[in-house]
Amino acid sequence: MHSICKTPPLTPKRLVSLAMLIALAFIVSKFSIPIIPQQLVISLTFIVNTIIGMIAGPFWAFISLGILDVVDNLSSGAGNFIIWWTLMEAVQGFFYGYFFYEKPLSWSSKKDWLHVTLATVVIMLIGTFIFTPLLIQIYFGVPFWAQYLSGRWLKIFEIPLRIIITMLVIPRLQTIPELRKLANLP
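Throughout, a residue's number is its position along its own chain's written sequence, starting from 1. With pLDDT at 70 or above as the cut-off, local features in this predicted model cover only qualifying residues; side-chain atom pairs require 80 or more to be listed or tallied, and sums for whole chains, interfaces and linings still use all residues. The side-chain values count all of the structure's non-hydrogen atoms but skip hydrogen atoms and water molecules.

**Notes on the packing of helix α2 (residues 45-76) against helix α6 (residues 158-173)**
Two packed helices can be described by the angle between their axes and the distance between those axes. This is how the line gets drawn: Only C-alpha atoms enter the line fits that serve as axes; for helices the fit covers just the stretch in contact. Angles between N-to-C directions range over 0 to 180 degrees. Runs of H or I in DSSP of at least four residues are treated as helices and runs of E of at least two as strands, each being numbered from the N terminus. Working definition: roughly parallel below 35 degrees, roughly antiparallel above 145 degrees, roughly perpendicular at 65 to 115 degrees, and oblique for all remaining angles. A crossing counts as left-handed when the near helix is turned anticlockwise from the far one by less than a right angle, and as right-handed when that turn is clockwise. Two residues form a contact once any of their heavy atoms are found within 4.5 Å.
With their axes 10 Å apart at the nearest point, α2 and α6 run at an angle of 45° to one another. Viewed along their axes, α2 and α6 adopt a mutual orientation that is oblique. For the pair α2 and α6, the sense of crossing is right-handed. Contacts between α2 and α6 involve Phe-46, Ile-47, Thr-50, Ile-51 and Met-54 on the former and, on the latter, Arg-162, Ile-165, Thr-166, Val-169, Ile-170 and Leu-173.

Next comes the structure, spelled out in structure tokens:
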């Protein structure tokens with residue numbers, strides 16, 4: 001692993017790439033599929049978040065996903081801005097950067113599969129299984145246990161899907177020379 005404090009320089013190319021990826025994540029998130037409204041939603045935004053973490057590192061991914069959450073909330077017009085959700089998204093961004101910055105992945109490497117599995121479990125544990133239900137309980141009054149009883153536990157089945165999709169997409173993207181430079185890959 002690398003240092004947690006390792007932050008790539010915010011060059012114009014990296015800044016523009018992050019801005020485009022934030023916009024892409026915003027668009028992709030609009031195509032999510034609600035299974036249980038307000039509780040269980042399936043989306044491919046995690047792939048864009050992984051790419052953001054891959055080129056931004058922990059610090060800039062933290063900032064980028066925080067900005068993405070603010071923009072998403074302001075554009076929804078719902079008026080439900082709660083800073084704790086933004087902070088949770090930003091922390092997830094930190095972990096995307098921590099696990100995927102300067103980390104080349106290979107479909108055939110068992111070590112890389114284990115790495116992506118650990119990253120997915122940590123990121124989903126933080127966002128999906130602990131803090132989202134906690135915030136829903138605090139702000140909307142839906143008890144933690146009721147959320148799991150009504151279907152939040154089904155998100156466990158999303159973990160292998162995320163791992164497989166990540167391993168299908170990211171190693172192929174890492175063959176792009178410009179992306180390799182941005183991600184600081186050898």
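**A few points about the UniProt feature "transmembrane region" (unreviewed entry) in the protein chain**
This is how it is decided: UniProt positions are given in the numbering used here, feature names are shortened, and annotations may be inferred rather than shown by experiment.
Within this numbering scheme, the UniProt entry marks residues 15-33, 40-62, 82-101 and 113-140 as carrying the feature "transmembrane region" (unreviewed entry). Span residues 82-101 is 90% helix and 0% strand, its end C-alpha atoms 29 Å apart.

**Focus: the nonpolar core**
Using the following cut-off: Here, the term nonpolar core denotes a set of buried Ala, Val, Leu, Ile, Met, Phe, Trp, Tyr and Cys residues that are joined through side-chain atoms within 4.5 Å. Remark: exposure states derive from per-residue accessible area (1.4 Å probe, protein chains only) relative to the maximum for the residue type, with buried under 20%, exposed over 50%, and partly exposed in between.
If you look at the biggest cluster of nonpolar residues, it comprises 33 residues, and the most contacted ones within it are Ile-52, Met-54, Ile-55 and Phe-100. Listed by contribution, the elements that provide at least two residues to this core are α1 (12-29), α2, α3 (83-100), α4 (110-140), α6 and α7 (177-182). For this core, the element with the highest residue contribution is α2, accounting for 11 residues. Leaving out residues up to four positions away in the same chain, Met-54 has contacts with Phe-100, Tyr-101, Glu-102, Ile-170, Gln-174, Leu-179 and Ala-183.

**Observations concerning the side chain of Gln-174**
With respect to the helices, strands and loops of the structure, Gln-174 is situated in the loop between α6 and α7. Leaving out residues up to four positions away in the same chain, Gln-174 has contacts with Met-54, Lys-103, Pro-104, Leu-105, Leu-179, Arg-180 and Leu-185.

**As for empty space enclosed by the protein**
Applied cut-off: Think of a 1 Å grid over just the protein atoms. A cavity is a set of points where a 1.4 Å probe fits yet cannot get out, a pocket is an open set with protein on both sides within 12 Å along at least five of seven lines, and lining residues have an atom within 4 Å of a point. Grid points are joined across faces, edges and corners, and a volume is the space filled by probe spheres set on the points. As a working rule, the residues Ala, Val, Leu, Ile, Met, Phe, Trp, Tyr, Cys and Pro are called nonpolar, Asp, Glu, Lys and Arg charged, and the rest polar, with Gly in that last group.
In total, this model carries one cavity of 30 Å³ or more according to the counting rule given. Empty space within the largest cavity amounts to approximately 70 Å³. In terms of lining, the largest cavity is formed by Phe-46, Thr-50, Tyr-96, Phe-100, Ala-119, Thr-120, Ile-123, Met-124, Arg-162 and Thr-166. Going through the elements one at a time, α2, α3, α4 and α6 are the ones with two or more residues in the lining of the largest cavity. It is α4 that provides the largest number of residues to the lining of the largest cavity, a total of four residues. A per-class count over the lining of the largest cavity returns six nonpolar, three polar and one charged.

**What about the packing of α4 against α6?**
Look at α4 against α6: their axes get within 9 Å of each other, and the N-to-C directions meet at 135°. In terms of axis orientation, α4 runs oblique to α6. Where α4 crosses over α6, the handedness of that crossing is right-handed. Across from Asp-112, Trp-113, Val-116, Thr-117, Thr-120, Val-121, Met-124 and Phe-129 in α4, the residues of α6 making contact are Glu-158, Ile-159, Arg-162, Ile-163, Ile-164, Thr-166 and Met-167. Per-class residue counts for the contact of α4 with α6 are nine nonpolar, three polar and three charged.

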